[in-house]
Amino acid sequence: MTESIISIRDLVVRYGTVQALADVSLELLPGRIIGVIGMNGSGKSSLFGAVMGTVRAAGGDIRLFGGDPARARKRNLVSYVPQSEAVDWDFPISVAEVVMTGRYGRLGLTRRPRAADRDAVARAIERVGLVDLADRQIGELSGGQRKRVFVARGIAQEATLMLLDEPFAGVDKGSEYTIIDLLRGLAAEGRGILISTHDLAGVPELCDEVILLKNRVLFHGAPEDALAAERLALAFGLEPR
Amino acid sequence: MIDWVLEPLQYGFMTRALLVTVVAAVTCALLSCWLVQIGWSLMGDAVSHAVLPGVAISYILGWPFAVGAFIFGAGAVALIGGVRATTKIKSDAAIGVVFTALFALGLVIISAVPSQVDLGHILFGNVLGVTDSDIAQVVVIGVVVVAVLVLKRRDFTLFAFDPSHANAIGISTKRLSVLMLGLLAMTVVVALQAVGIVLVVAMLITPGATAYLLTKRFDRMLVLSVVVTAAASVVGVYASYYLDVSTGGAVVLAQAIAFGVAYLFGARGGVVTALVRDRRAVTV
């Protein structure tokens, strides 16, 4: 039996008296892409935060690669693509420099890169198709290219779990397909990918499984079933038509 | 011209003032780049004011000034963190309450204890009157801070740019922020000898803000920040000699003028640069 990349049992997250997540369970297997769909406040960020170790679980159990999540992070197995709003696009940093930060966990005290790290960065940038833009400041890229920078960082990191927060927000249709192809290819090599999104762009083409989240799991199954109108309506708090 | 440069250097107080000012400028210029990118400018303001009681106590008890200043600088950081963590008060309010309280405590101590402590010198600097012991403290602390910043620069830049990634790969952002705040407290100790408590915040913000307008790369930003700030500081010290004006004031004013030039003509944010570029784009 293949080992789960993420294994969550009965996760509970609370902020004061507010219950952000209740009894959430999920398994992410190698080669699979799971989409977590929900509105703002549905607990998507809490779920990601719990996997990343930035949000404390009030109950339940999270395992990454069958063991302690902190240890998986230390082993560079976890990569994270932030949502656009969380990034300072004016920061004086180039594409190649951002991708290099994916190697930092493997580097020594001063994080001085070696030849092998430069190679890994160059290969990652090539894979996402940004070779010509490697020396650009990150704010000079289009929405889709910006996402690919952070995916390249995860590739350079050699992470086996990739978390993507709103990967298609601010991305045009053409770039959306480029990113879908890229992520499908990465999953096919045995990685596990978890995405969170508040809209349905790209979901049927990208995901193997979908979770509809509204502070608890409303639905977990195939994308085509999740997209049935009444289930979506429930997740987004609308009256079914 | 050469006489003009050399003349002030025949006075011991001028060479000491130059040394202290340049060490402070370089230390502040480096740290400043991260402070402005992380958004900790106000933290610099807070720590610099909060050290006043520490400096006063040091003078009264005859300690090296750096000891008292560091204790209160670090204490202020801890207090602010504590207030923020245990109440729902917004961050800037927590900072404001803590640093003004400590500053007031400093004023009360100085007024209550009759001594030769000159409040004016502490607040506005007295770089022309620094002692050998002051210089030793400034140089040692400055060198330590610069060394740590240079060694850990990539981690600090990652911390400023994307702390969530740092967490994801098991780099402790908590440890990095504590280290940076410790360096901030030490830097304040250095800078207050050069320009006094009130203007330390200028040394902590202006260099990074200036360099940010000049380049789109962080490594270049560090270099430019140091070069521009050191040059402006030397100009400031000379100006204060020839014009017979406040040294700390002249140094900070020279840095502000450098910022003004970057604001108008900087490669990145320059207002005039952008105008020229637009006009060229239209005519081409």
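Since this is a predicted model, take the numbers as computed values, not measurements.

A. Representation of the pairing of strand β9 (residues 217–221) of chain A. Residue and element names in this part refer to chain A. With 4 bridges joining them, strand β8 (residues 209–213) and β9 adopt antiparallel strand pairing. Residue pairing in the sheet places Leu213 in a bridge with Val217 of β9. Linking β8 to β9, which pair antiparallel, is a turn of 3 residues; within it Asn215 sits at a positive phi near 65°.

B. The interface of chain A and chain B, seen in detail. If you look at the interface, chain A gives 24 residues, while chain B gives 20 residues. Going through the elements one at a time, α2 (69–74) and β5 (78–81) of chain A are the ones with two or more residues in the side of chain A that touches chain B. Across the side of chain A that touches chain B, the residue classes tally to 10 nonpolar, 10 polar and 4 charged.

C. Here's a closer look at the environment of Ser45(A). All names here are of chain A. Considering the arrangement of structural elements, one finds Ser45 in helix α1 (residues 44–52). Among the residues examined, Ser45 registers 18 C-beta atoms within 10 Å and is labelled partly exposed. Note: C-alpha distance between Ser45 and Ala233 (188 residues apart in sequence) is 21 Å.

D. Examining helix α4 (residues 115–127) of chain A more closely. All names here are of chain A. For α4, with 13 residues, the first-to-last C-alpha span of 18 Å sits near the 18 Å given by 1.5 Å per residue. Those residues of α4 that are buried are in contact with α3 (95–100) and α5 (143–157). Taken from the residues just after α4, Gly129 is the one with a positive phi, measuring 75°.

E. Highlighting the domain arrangement of chain A. All names here are of chain A. Domain boundaries assigned for chain A yield domain 1 (1–77 + 160–241) and domain 2 (86–159). Spacing between the C-alpha centres of domain 1 and domain 2 amounts to 24 Å. Looking at the side of domain 1 that touches domain 2, the elements with two or more residues in it are β6 (161–165) and α6 (173–188). No other element matches α6, which puts 4 residues into the side of domain 1 that touches domain 2. Split by residue class, the side of domain 1 that touches domain 2 holds 7 nonpolar, 5 polar and 1 charged.

F. Broad picture of α6(A). All names here are of chain A. The end-to-end C-alpha distance of α6 is 23 Å, a good match for the 22 Å that 16 residues give at a rise of 1.5 Å each. Buried within α6 we find Ile179, Leu183 and Leu186. Along the axis of α6, the buried residues cluster in a sector spanning 55°; they form a single face. In α6, those exposed residues whose orientation departs by more than 90 degrees from the buried face are Lys173, Gly174, Asp181, Gly185 and Ala188.

G. Seen up close, the packing of helix α3 (residues 41–50) of chain B against helix α11 (residues 173–195) of chain B. Residue and element names in this part refer to chain B. α11 packs onto α3 with a crossing angle of 60° between their chain directions and a minimal axis gap of 9 Å. Classed by the angle they form, the pair α3 and α11 counts as oblique. As α3 runs across α11, the sense of the crossing is right-handed. Along the contact surface, α3 presents Met43, Gly44, Val47 and Ser48, while α11 presents Leu184, Ala185, Val188 and Leu192. Among the residues making up the contact of α3 with α11, the classes are represented as 6 nonpolar, 2 polar and no charged.

Each value, and the rule that gives it
Residues numbered from 1 in each chain as written. Chains lettered and ligands numbered in written order. Predicted model: local features only at pLDDT ≥ 70, side-chain atom pairs only at ≥ 80, totals over all residues. Pairing = 2+ DSSP bridges. Helix = DSSP H or I, 4+ residues; strand = E, 2+ residues; numbered from the N terminus. Contact = placed C-beta atoms within 7 Å. Nonpolar A, V, L, I, M, F, W, Y, C, P; charged D, E, K, R; others polar. Buried ≥ 20, exposed ≤ 12 C-beta atoms within 10 Å, placed from the backbone. Expected span 1.5 Å × (residues − 1). Domains from an automatic or database assignment. Arc of directions from axis to C-beta. Axes fitted to C-alpha atoms, helices over the stretch in contact; angles between N-to-C directions. Parallel < 35°, antiparallel > 145°, perpendicular 65-115°, else oblique. Left-handed = near helix turned anticlockwise from the far one by under 90°.

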